[in-house]
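Each chain is listed here by its residues.
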Amino acid sequence: MLGFERYAAHGGDLGAGVTSRLAQAHPEALAGIHLLAVADPAAPQDITPEEQTYLDSATTWYAEEGGYEHEQFTRPTTLAVGLADSPAGLLAWLLEKYRAWTDRPFGDDFVLTQASLYWFTNTISSSFRPYYEYQQRMHERLTAVTVPTAVAIFPKDLVHPPRSWAERSYRVTRWTEMPRGGHFAAYEEPELLGDDLTEFFRPLR
């Protein structure tokens, strides 16, 4: 990793998947990983009541909120053409997520800046590609992460897996349920996230 033999990694959302697979592929190099989301185990057995509640809630969320994901899984290019052709459409697409997935309102400048980054670089289409590749199984399946793993759960994030669910695939050594914050934790609650990262990685140096 850029010339370093040992390092740490952090990720949320798609970044959590990248970080997890990095740790699985190169455990000798990772001091530890810090995640805001965890992968589902390949074939879980003996589901606990708490885990079943989580799975049911995830199914409900997908049915009520996951239309964007299904479209990106199956017809990303069709969607991308529409959004790349309409600034208002692109702004509406992004704004809906910033409103639904956060614990606090975002200012106009922030939302307009995010929309501008996609618009002026014409990258909304390429941002959909990981969803399609995931659905087409164009990636290595996560089986087991053996390096020390911290998980931080923010209350307004999309789903809230129990610790036992994460422990099926990860060596969980720190578990933090945050008092506030949502899917965009680094922007919403940088101090909470920063403190958790520091406390986790400090003894792993």
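Scroll up to find the structure.
Basis of the calculations
Residues numbered from 1 in each chain as written. Predicted model: local features only at pLDDT ≥ 70, side-chain atom pairs only at ≥ 80, totals over all residues. Heavy atoms only, no water. Axes fitted to C-alpha atoms, helices over the stretch in contact; angles between N-to-C directions. Helix = DSSP H or I, 4+ residues; strand = E, 2+ residues; numbered from the N terminus. Parallel < 35°, antiparallel > 145°, perpendicular 65-115°, else oblique. Left-handed = near helix turned anticlockwise from the far one by under 90°. Contact = heavy atoms within 4.5 Å. Nonpolar A, V, L, I, M, F, W, Y, C, P; charged D, E, K, R; others polar. Phe/Tyr/Trp six-rings, centres within 6.5 Å; stacked < 30°, edge-to-face > 60°. Buried < 20%, exposed > 50% of the residue type's maximum accessible area, 1.4 Å probe, protein only. Lys NZ or Arg CZ within 6 Å of the ring centre and 35° of its normal.

### Quick notes on the packing of helix α5 (residues 87-100) against helix α6 (residues 108-121)
At a minimum axis separation of 10 Å, α5 and α6 run at an interaxial angle of 130°. Taken as axis vectors, α5 and α6 run oblique relative to one another. The handedness of the crossing between α5 and α6 comes out as right-handed. Along the contact surface, α5 presents Pro87, Leu90, Leu91, Leu94, Leu95 and Tyr98, while α6 presents Phe110, Val111, Leu112, Gln114, Ala115, Tyr118 and Trp119. In terms of residue class, the contact of α5 with α6 is made up of twelve nonpolar, one polar and no charged.

### Looking at the packing of aromatic side chains
Any aromatic ring pair is given by two values, namely how distant the centres are and how the planes are angled relative to each other. The tally for this structure, following the rule as stated, stands at 17 aromatic pairs. Ring centres 5.3 Å apart and planes at 75° place the aromatic pair Tyr98 and Phe110 in the edge-to-face group. Highlighted residues: Tyr98 in helix α5 and Phe110 in helix α6, separated in sequence by twelve residues. Taken as a pair, Tyr98 and Phe110 share a single burial class, namely buried. A centroid spacing of 5.9 Å and a plane angle of 80° characterise the contact between Phe106 and Phe184, whose relative ring orientation is edge-to-face. Residue Phe106 is found in the loop between α5 and α6, and its partner Phe184 is found in the loop between β4 (170-177) and α9 (185-188); the two are separated by 78 residues along the sequence. Classification of Phe106 as buried rests on a relative accessible area of 13%. Exposure remark for Phe184: the relative accessible area of 22% places this residue in the partly exposed category. One aromatic cluster in this structure is built from Trp61, Tyr68, Phe73, Tyr98, Trp101, Phe106, Phe110, Tyr131, Tyr134, Phe184 and Tyr187. The ring of Phe106 carries the charged tip of Arg104 above its face, separated from the ring centre by 5.9 Å.

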